[in-house]
Amino acid sequence: MTGIAVSWAGQVEIMLDPRQSRRARKADIPDGHDNRSMRIVVAPDKFAGTATASEAARAIAAGWSGIRPDDEVIVSPMADGGPGTIDCVRGAGIGVVETHTTVDPLGRPVEARWLRIDGDTALVESAEAVGIHLIEPSRRDVSTSTSEGLGLLLSHLHQIGIRHLVVGLGGSATCDGGVGMAAALGIRFLRADGEPADLAPEHMGAIESVTGETPEFETVRIISDVTNPLLGPEGAPRAFGPQKGASPEQIEAMEVALMQLADRVEAGNQSFRDRPGAGAAGGVGFALMAWLDGVMESGATYVADVTGLSARISSADLVITGEGHIDRQSMHGKVPSHVLSLARAASVPVLAVAGRIDPDVAIEFATSVELGDAGLIDPIGSMTAAGETAASLASSI
């Protein structure tokens, strides 16, 4: 039977059939919290490949309300700078979504959304222009994909008067060190003979000199959950190349090319390659730091701050968060860890919902609900069932 696994510290794991939870759970609620109404904040990240943060939050909330209709359930979807960030911020009533035609990682036209927060401030999701979701699986090739589309979008924003940027990094198809973006902003990459270099990652090793200037923005904030450097075992090619379809040979070639690029860019200047987040979005973090004076910060912290999540949590009785797979890495700068830290500061218990939750991480939460295979077969249905199951455990949390 495909089921939902429920676990909490010090107790055994329980298996529940999600097809039965809606009709079975209500009768199982013991005395406790159910004697008074509760305020619940539902603040998950996206469940990659199955549900957006908004879809997940609404499904969990609907499940909870079906069992405990008198409770106040506040939906507050979260993001960390990757796909879904614009939706989360706009969903909080902030800014106006606009679009601009740029190009995807393969150079094809694409409509990229961005959020005008006020007159001269914009929130940009890099994935709108360089996202891996923009490329058909059969055509994904990190050795030919570039970040040019992001540069064209940023250039357009400068032209229309944007002077303060917030750039979210995550979900990219590229590993070009951000040279495509930089070139679109006015940086010239030259071969030894003085001619423009081919900026596809497979040819970047031919870059011998870097010149030119970019438009000036007053502030550039880089938001992401990635703290990886540009190079090395945890750098962009080796840490993220495999998930972008790169072969071992391509990974090593990109490592060498990005090392040479960093040598050219940093010659006589400060070093950017080892800064936390330089490896984000295949090295776009490095490029934003090197050419636009970008400053890296936590994407989850940014989204929580602008959407007022901390204030919502402080008045809550319970917080529910989650993502597709909660593991030890989730506890380092990702949405579940940030939500957990805000809740702990307010002494509010946190329940986690995920497709999979590693046992050594599950103990960090008051209770956890694991969707298992049901999360892939029927994502929204299983998340609704998870909300029902969570509500049935209200007095145990």
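Further up the page is the structure itself.
All values reported here derive from a predicted model rather than from experimental measurement.

(A) Region of the structure containing helix H12 (residues 335–345). Counting buried positions over the eleven residues of H12 gives eight, a clear majority of the element. Taken as a whole, H12 has its buried residues at Val335, Pro336, Ser337, His338, Val339, Leu340, Leu342 and Ala343. Where H12 ends, the next residue or the one after it, serine 347, has phi of about 55 degrees, a positive value.

(B) Representation of the sheet that holds strand S8 (residues 164–168) within the structure. Reading across the sheet, the six strands line up as S5-S6-S7-S8-S11-S12 and stay open at both edges, with mixed pairing between neighbours. On the outer flanks of this sheet lie strand S5 (96–103) and strand S12 (295–298), each paired with one strand and no other. The average undirected angle you get between the axes of adjacent strands in this sheet is 30 degrees. Pairing between strand S7 (residues 121–125) and S8: five bridges, direction parallel. Along S8, the bridge assignment pairs leucine 123 with valine 166. Sheet contacts for helix H5 (residues 148–159): S5, strand S6 (109–118), S7 and S8; angle to S5, the most-contacted strand, approximately 130 degrees. Where helix H9 (residues 284–292) meets the sheet, its contacts fall on S8, strand S11 (219–224) and S12, and the angle it forms with S11 comes to roughly 165 degrees.

(C) Looking closely at the packing of aromatic side chains. Under the counting rule described, the total for this entry stands at three aromatic pairs. For the pair phenylalanine 286 and tryptophan 291, a centre-to-centre distance of 6.5 Å together with 85 degrees between the ring planes defines the contact as edge-to-face. Accessibility expressed as a relative area gives 0% for phenylalanine 286, which makes it buried. Look at tryptophan 291 and you get buried, because its relative accessible area is 16%. Every member of this aromatic cluster is reached through a ring pair, and the members are Phe189, Phe272, Phe286 and Trp291.

(D) Structural detail: the pairing of strand S14 (residues 350–357). With respect to burial, S14 is a largely interior element, seven of its eight residues being buried. The pairing of strand S13 (residues 318–326) with S14 spans seven bridges and is parallel. When the bridges of S14 are listed, valine 319 appears paired with valine 350. In this structure, S14 lies alongside strand S15 (residues 367–370), joined through four bridges in parallel fashion.

About the cut-offs
- Residues numbered from 1 in each chain as written.
- Predicted model: local features only at pLDDT ≥ 70, side-chain atom pairs only at ≥ 80, totals over all residues.
- Heavy atoms only, no water.
- Buried < 20%, exposed > 50% of the residue type's maximum accessible area, 1.4 Å probe, protein only.
- Helix = DSSP H or I, 4+ residues; strand = E, 2+ residues; numbered from the N terminus.
- Pairing = 2+ DSSP bridges.
- Axes fitted to C-alpha atoms, helices over the stretch in contact; angles between N-to-C directions.
- Contact = heavy atoms within 4.5 Å.
- Phe/Tyr/Trp six-rings, centres within 6.5 Å; stacked < 30°, edge-to-face > 60°.

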